[in-house]
Amino acid sequence: PATFSALDSHMRSLHPAVVAVEANLFFYAFIKGKGWPGYVQRFRDFVDGGKYNYQPDDKPYIRQQKIEVLETFRSGLMDTVPVSKLGMLLQRWHRQGAKIVLINFPLEEKLEMKKWNSKDTTVFFRNINYLEQYAPFTFLNERRAWPAEYFIDHAHLNKKGELRQSALFCEQVAKQLTT
């Protein structure tokens with residue numbers, strides 16, 4: 001959500017028909033400098049015309065890491081302040097006619113079950129309910145637990161997982177465009 005807020009002036013100039021947001025981002029905040037800034041910078045450069053030339057098939061190598069290591073990337077639970085800033089952007093787009101979809105991307109089975117059985121799930125749903133005050137959305141939350149064969153590590157899909165998730169994602173976007 002902080003990335004969307006930082007790019008607010010550029011994001012306001014967009015007029016999407018469908019906006020898909022990864023719902024997992026409403027669980028945890030992350031530490032800058034630990035694993036994810038490359039993805040964020042690519043997104044920022046794509047939106048604001050920065051130096052990165054967007055190539056959807058250009059993916060960095062992700063090495064397998066233990067769940068305990070991945071969890072050190074978190075800086076705590078997501079707070080409602082950044083959620084409200086994203087909510088204002090989604091509200092603006094909704095008023096322009098955009099349909100909004102929150103999609104819970106899968107995690108490896110062990111991690112997915114841990115996520116949904118954690119006390120943190122209460123904060124996640126608090127954030128989802130809070131976001132709903134800004135704009136209506138469809139929430140695709142199958143709570144599906146996929147086996148390890150679909151993942152590079154515990155949280156990142158491999159090619160087989162990407163194909164499966166892409167089919168589900170495209171189906172949901174198509175539903176939004178036809179309703």
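Thresholds, definitions, all that
Residues numbered from 1 in each chain as written. Predicted model: local features only at pLDDT ≥ 70, side-chain atom pairs only at ≥ 80, totals over all residues. Heavy atoms only, no water. Helix = DSSP H or I, 4+ residues; strand = E, 2+ residues; numbered from the N terminus. Buried < 20%, exposed > 50% of the residue type's maximum accessible area, 1.4 Å probe, protein only. Contact = heavy atoms within 4.5 Å. Areas by Shrake-Rupley, 256 points an atom, 1.4 Å probe, with all protein chains shown as cover. Core = buried A, V, L, I, M, F, W, Y, C linked by side-chain atoms within 4.5 Å. Pairing = 2+ DSSP bridges. Expected span 1.5 Å × (residues − 1). pLDDT = per-residue confidence, 0-100.

Some details on the overall build of the protein
- Counting its regular elements, the protein contains 8 helices and 5 strands.
- In the protein, which comprises 179 residues, the proportion classed as buried is 37%.
- Considering only contacts within the protein whose residues lie at least 6 apart along the sequence, 81% involve residues at least 24 apart.
- Just so you have it, the protein exposes about 10,300 Å², and 56% of that area is on carbon and sulfur atoms.

Brief notes about the nonpolar core
- Formed by 23 residues in total, the largest nonpolar core has its most connected members in F26, L90 and L102.
- Looking at this core, the elements with two or more residues in it are β1 (18–22), α5 (80–95), β4 (99–103) and α7 (120–131).

Some thoughts on the pairing of β4
- Extensive coverage of β4 is indicated by the burial of 4 of its 5 residues.
- Pairing between β1 and β4: 5 bridges, direction parallel. Paired with V21 across the strands is L102, a residue of β4.

Quick word on α5
- End to end, α5 covers 22 Å across 16 residues, agreeing with the expected 22 Å (1.5 Å per residue, within 8%).
- Taken as a whole, α5 has its buried residues at V83, S84, L86, G87, L89, L90 and W93.
- Following α5 by one or two positions, G97 has its phi on the positive side, about 105 degrees.

Quick word on the confidence of the model for the protein
- A residue-level look at the protein finds 73% of positions with pLDDT of 70 or above and a mean pLDDT of 77.
- Mean pLDDT across the secondary structure elements of the protein bottoms out at helix α4 (residues 67–71), with 56, and peaks at β4, with 89.

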